[in-house]
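Spelled out from the first residue to the last, the chains are:
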Amino acid sequence: TMLMVGQVCRYNHNFVQAKRLIETGTLGDLVFVESEYAHSYEMNPGTDNWRVHPDREAIIGGGCHAIDLLRWIAGNPTEVTAYANHKYLPDWPVNDTTIAIYKFPNDVIGKVFCSIGVKRAYTMRTVIYGTKGTLYRDAFGMYLYLDKVSDEPIFEDMKQQAIRVHIPVTNKGHNTLGEVEEFCSAILEGRESSCPGVEGA
């Protein structure tokens, strides 16, 4: 039996490129990481209202992707604290907005903001701060943006670099194709998937 959890950010081209830059030391040592999962479910409660369920707390139903992204980048948190409220969707059976603060290994700290009622377009804005630079990007788009200290003696000492991300025309958005390819490869190769059940747990 093969189980793979659908953590979409691990296969998103922007985030794969961001992780590669972190692993090659471009940002130096990680200091602070943050991500968010925010958009309104109000106009899209899902077929048969599957999103409106007392067991589907927003931080589990959508925020889990932002949490997993930070875990994938910074490791498993050693401490977590969170606050939630219920002001956007008062008729729904769950909290609609959560902020969680994390302590990761190597003295890295982080934050996840999750809201299923916020009045804005969908976003998974993510910012990764390191000792040598700051990388930020949403889940979608053709570029990552990197702020680093410039080598040139200019008044504004921060220099921004736009890093093009290669996204195949047939693979826009959440790269579910990448997930399916990984799942099928794991089955065909008889190995564990890159995101097994324990990662979802």
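Calculation notes
Residues numbered from 1 in each chain as written. Predicted model: local features only at pLDDT ≥ 70, side-chain atom pairs only at ≥ 80, totals over all residues. Heavy atoms only, no water. Phe/Tyr/Trp six-rings, centres within 6.5 Å; stacked < 30°, edge-to-face > 60°. Helix = DSSP H or I, 4+ residues; strand = E, 2+ residues; numbered from the N terminus. Buried < 20%, exposed > 50% of the residue type's maximum accessible area, 1.4 Å probe, protein only. Lys NZ or Arg CZ within 6 Å of the ring centre and 35° of its normal. Contact = heavy atoms within 4.5 Å. Polar contact = N/O pair within 3.5 Å; in protein donor to acceptor, adjacent residues only side chain to side chain. Core = buried A, V, L, I, M, F, W, Y, C linked by side-chain atoms within 4.5 Å.

Some points on the packing of aromatic side chains
Argument step 1. Tallied over the entire structure, the rule returns six aromatic pairs.
Argument step 2. Centroid distance tyrosine 37 to tyrosine 122: 5.9 Å. Interplanar angle 85 degrees. Geometry classified as edge-to-face. In this pair, tyrosine 37 sits in strand 1 (residues 30-38) while tyrosine 122 sits in the loop between strand 4 (108-115) and strand 5 (126-130), placing the two residues 85 residues apart along the sequence.
Argument step 3. Taking relative accessible area as the criterion, tyrosine 37 reaches 7% and is therefore assigned buried.
Argument step 4. Taken together, Tyr136, Tyr143 and Tyr145 form an aromatic cluster joined through their ring pairs.
Argument step 5. One cation-aromatic arrangement involves lysine 19 over tryptophan 72; the distance from NZ or CZ to the ring centre is 5.1 Å.
Argument step 6. In this structure, arginine 51 packs its charged tip against the face of tyrosine 41, placed 3.9 Å from the ring centre.

Quick word on the side chain of threonine 98
Argument step 1. Mapped onto the secondary structure, threonine 98 falls in strand 3 (residues 97-104).
Argument step 2. For threonine 98, a relative accessible area of 7% gives the class buried.
Argument step 3. Contact partners of threonine 98, with chain neighbours within four places excluded, come to Ile59, Ala82, Tyr83, Ala84, Val112, Phe113 and Cys114.

Observations concerning helix 1 (residues 13-23)
Argument step 1. Taken across its eleven residues, helix 1 has eight buried, putting it largely inside the fold.
Argument step 2. Taken together, the buried positions of helix 1 are occupied by His13, Asn14, Phe15, Gln17, Ala18, Lys19, Leu21 and Ile22.
Argument step 3. At the N-terminal boundary of helix 1, the capping side chain belongs to asparagine 12, with an oxygen 2.9 Å from the backbone nitrogen of asparagine 14.
Argument step 4. Downstream of helix 1 by one or two residues, glycine 25 has phi in the positive range, about 85 degrees.

Some words on unusual backbone geometry
It is generally the case that most residues other than glycine have a negative phi and that most peptide bonds are trans.
Argument step 1. Unlike most non-glycine residues, aspartate 48 shows phi in positive territory, near 55 degrees.
Argument step 2. Its place among the elements puts aspartate 48 in the loop between strand 1 and helix 2 (58-61).
Argument step 3. With a relative accessible area of 77%, aspartate 48 lands in the exposed category.
Argument step 4. The backbone of asparagine 49 shows a phi angle near 55 degrees, a positive value even though the residue is not glycine.

Some remarks on the nonpolar core
Argument step 1. Core analysis: the largest hydrophobic core is formed by 37 residues, its most contacted members being Leu30, Val33, Ile116, Ile128 and Leu135.
Argument step 2. Only helix 1, strand 1, helix 2, helix 3 (63-74), strand 3, strand 4 and strand 7 (143-149) provide two or more residues apiece to this core.
Argument step 3. Sequence-distant contacts of isoleucine 116, that is, excluding residues within four places in its chain, are made with Tyr37, His39, Ser40, Tyr41, Glu42, Ala58, Leu89, Trp92, Val94, Asn95 and Asp96.

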